[in-house]
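Residues per chain are reported as follows:
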Amino acid sequence: MRVLITGATGLIGSHVTSLCHEKGIDVHYLTTSRSKIEKKENYKGFYWNPKTQEVDLDSIKGVDAVINLVGASIAERWTKDYKREIIESRTETAKLLFDTLSQNDHSVEQFISASAIGIYPSSLEKLYFEEDDGVDDSFVGKVVVKWESAVNNFQDIGIDVTKIRIGLVLAPNGGLLKKLKDPVGFNVGAPLGSGQQWQSWIHIEDLANIFVHTLEKELSGTYNAVAPSPVTNKELVKCVANHMGKSVWLPNVPAFVLKTVLGEMSTIVLSSQLVSNKKIESTGYVFKYTHLSKALEDLL
């Protein structure tokens, strides 16, 4: 089997690529940097430039599936220009891939794309499932709607579409955990806002496994990628501190302070999404990290 991966050198992409190689799956990847192009037997890079609609057509030769992980980080200050980049880095890249596959011979049968649980409206009580059709009225909610709409287009050319709605990613060298470790390490960690907002998290290893699981099982549709045991923000900060041998002694950081410092981006840390993973489990996927403490024990 051979897959084409976008965002292959990123936090999630690098783990997905490693897992593919472990399973004997060849990887083609697209990059906007010619210096990052490698040509190994099972790992070949190809140049693309979504801004100029340029892509090396050799990248799709012999490819059975596309794993789409490209997208500008939402963890940067949301200026008007950067908000446009967040959206276009997801929609314009999908459009370029769509045009490339629709206008050229290919063997792609499945398009697996990252998405986000940020599409679900913030709630301290509701448990969200994939079939829930409400959309959060934040910028993140709007991004996910446009992102998934661009991905759904691949169904029009006979390609099965799989959308993985990702929760808060815990990884050793990036993602949410790195942002939590720094203040906790200096003994200034504190719950954010009320601290009662739900954080549906996932270990990076389980996340990579879910992408490859949907590939191997040829699963289409939408799946939440979150661990079975969500926690509140207060529980998350306290658990990180415990594993680092630190204490949480400061009062909660008030929501108005976060809004002043982060602006509109404060919705990322203040929103609450309690999300179910029963659908992906029903396909036979077994989580390696089901509880936060075990995940942090591994990562810290």
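Residues numbered from 1 in each chain as written. Predicted model: local features only at pLDDT ≥ 70, side-chain atom pairs only at ≥ 80, totals over all residues. Heavy atoms only, no water.

### Here's the deal with helix α2 (residues 80–103)
An ideal rise of 1.5 Å per residue puts 34 Å on 24 residues; α2 measures up with 33 Å between its terminal C-alpha atoms. The largest bend in α2 is about 35°, located at E88. (Helix = DSSP H or I, 4+ residues; strand = E, 2+ residues; numbered from the N terminus. Expected span 1.5 Å × (residues − 1). Bend = angle between axes of the 7 residues up to and from the residue.)

### Quick look at the pairing of strand β8 (residues 160–166)
If a strand is regular, its side chains alternate between the two faces of the sheet. Across the seven residues that make up β8, a large majority, six, are buried. In this sheet, β8 lies alongside strand β6 (residues 110–116) in parallel orientation, the contact comprising seven bridges. Counted as the bridge partner of S113 is K163 from β8. Across five bridges, β8 lies against strand β12 (residues 221–225) in parallel orientation. Across the sheet, R165 pairs through a bridge with N224, a residue of β12. (Buried < 20%, exposed > 50% of the residue type's maximum accessible area, 1.4 Å probe, protein only. Pairing = 2+ DSSP bridges.)

### Regarding the nonpolar core
Ranked by size, the top nonpolar core spans 73 residues in total, and within it V16, F154, I164, L207 and F211 carry the most contacts. When near neighbours in sequence (up to four residues on either side) are disregarded, V16 contacts I5, I67, L69, A208, F211 and V212. Counting residues in each nonpolar core, the second largest holds 17 residues, with L236, A295, L296 and L299 among its members. (Core = buried A, V, L, I, M, F, W, Y, C linked by side-chain atoms within 4.5 Å. Contact = heavy atoms within 4.5 Å.)

### Quick look at the side chain of D136
Mapping D136 onto the fold places it in the loop between β7 (127–128) and α3 (139–152). No salt bridge is formed by the buried D136; the nearest opposite charge belongs to K142, separated by 9.3 Å. Side chain to side chain, D136 and S138 meet in a polar contact 2.5 Å long. Sequence-distant contacts of D136, defined by excluding residues within four places in its chain, comprise G118, I119, Y120, P121, S122, G141 and K142. (Lys, Arg positive; Asp, Glu negative; His and termini not counted. Salt bridge = Lys/Arg side-chain N within 4 Å of Asp/Glu carboxyl O. Polar contact = N/O pair within 3.5 Å; in protein donor to acceptor, adjacent residues only side chain to side chain.)

### Points about the packing of aromatic side chains
How two aromatic rings sit relative to each other is set out by the distance from centre to centre and by the angle between their planes. In the structure shown here, the tally under the stated rule is six aromatic pairs. Judged by centre distance (5.6 Å) and plane angle (85°), the ring pair of F98 and F154 falls under edge-to-face. Of the two residues, F98 is situated in helix α2 and F154 in the loop between α3 and β8; the sequence distance between them amounts to 56 residues. One aromatic cluster is present, built from ring pairs that chain together F98, F111 and F154. Residue placement shows K279 over the ring face of Y223; its charged tip is 4.8 Å from the ring centre. (Phe/Tyr/Trp six-rings, centres within 6.5 Å; stacked < 30°, edge-to-face > 60°. Lys NZ or Arg CZ within 6 Å of the ring centre and 35° of its normal.)

### Some thoughts on the packing of α2 against α3
Contact geometry of α2 with α3 gives a least axis separation of 8 Å together with a crossing angle of 15°. Viewed along their axes, α2 and α3 adopt a mutual orientation that is roughly parallel. Judged by the twist between their axes, the crossing of α2 over α3 is right-handed. Counted together, K83, I86, I87, R90, T91 and A94 of α2 and F139, V143, K146, W147 and A150 of α3 form the full contact between these two elements. Along the lines of polarity and charge, the residues of the contact of α2 with α3 split into seven nonpolar, one polar and three charged. (Axes fitted to C-alpha atoms, helices over the stretch in contact; angles between N-to-C directions. Parallel < 35°, antiparallel > 145°, perpendicular 65-115°, else oblique. Left-handed = near helix turned anticlockwise from the far one by under 90°. Nonpolar A, V, L, I, M, F, W, Y, C, P; charged D, E, K, R; others polar.)

### Notes on α3
For α3, which comprises 14 residues, the first-to-last C-alpha distance of 20 Å matches the rise-based estimate of 20 Å (1.5 Å per residue) to within 8%. Where α3 is concerned, the buried positions are F139, V140, G141, V143, V144, W147, E148, A150 and V151. Buried residues along α3 sit against β5 (65–68), α2, β6, β8 and α8 (267–270).

### Details of the UniProt feature "domain: DUF1731" (unreviewed entry) in the chain
The UniProt entry lists residues 253–299 under the feature "domain: DUF1731" (unreviewed entry), expressed in the numbering used here. As annotated, residues 253–299 has a helix share of 53% and a strand share of 4%, and its two end C-alpha atoms lie 26 Å apart. (UniProt positions renumbered as here; feature names shortened; annotations may be inferred.)

### Some words on the packing of helix α6 (residues 233–243) against helix α10 (residues 292–299)
In contact at an axis separation of 10 Å, α6 and α10 are set at 40° when each is read in the N-to-C sense. Relative to α10, the element α6 is oriented oblique. The way α6 lies across α10 gives a crossing that is right-handed. Contacts from E235, L236, C239, V240 and H243 of α6 reach α10 at L292, S293, L296 and E297. Partitioned by chemical class, the residues of the contact of α6 with α10 number five nonpolar, two polar and two charged.

### A word on the pattern of salt bridges
Counted according to the given criterion, the structure contains 13 salt bridges. Here K40 and E38 are joined by a salt bridge, their closest N and O atoms 3.2 Å apart. Assessed through its relative accessible area of 46%, K40 is described here as partly exposed. Of the charged contacts, one joins K278 and E281 as a salt bridge, the two residues approaching to 3.7 Å between their closest N and O atoms. Highlighted residues: K278 and E281, both in helix α9 (residues 278–282), separated by three residues, approximately one helical turn. For E281, a relative accessible area of 28% gives the class partly exposed.

### Overview of the environment of F256
By the secondary structure assignment, F256 is in helix α7 (residues 255–262). The spatial distance from the C-alpha of F256 to the C-alpha of S266 is 9.3 Å, given a sequence separation of ten residues.

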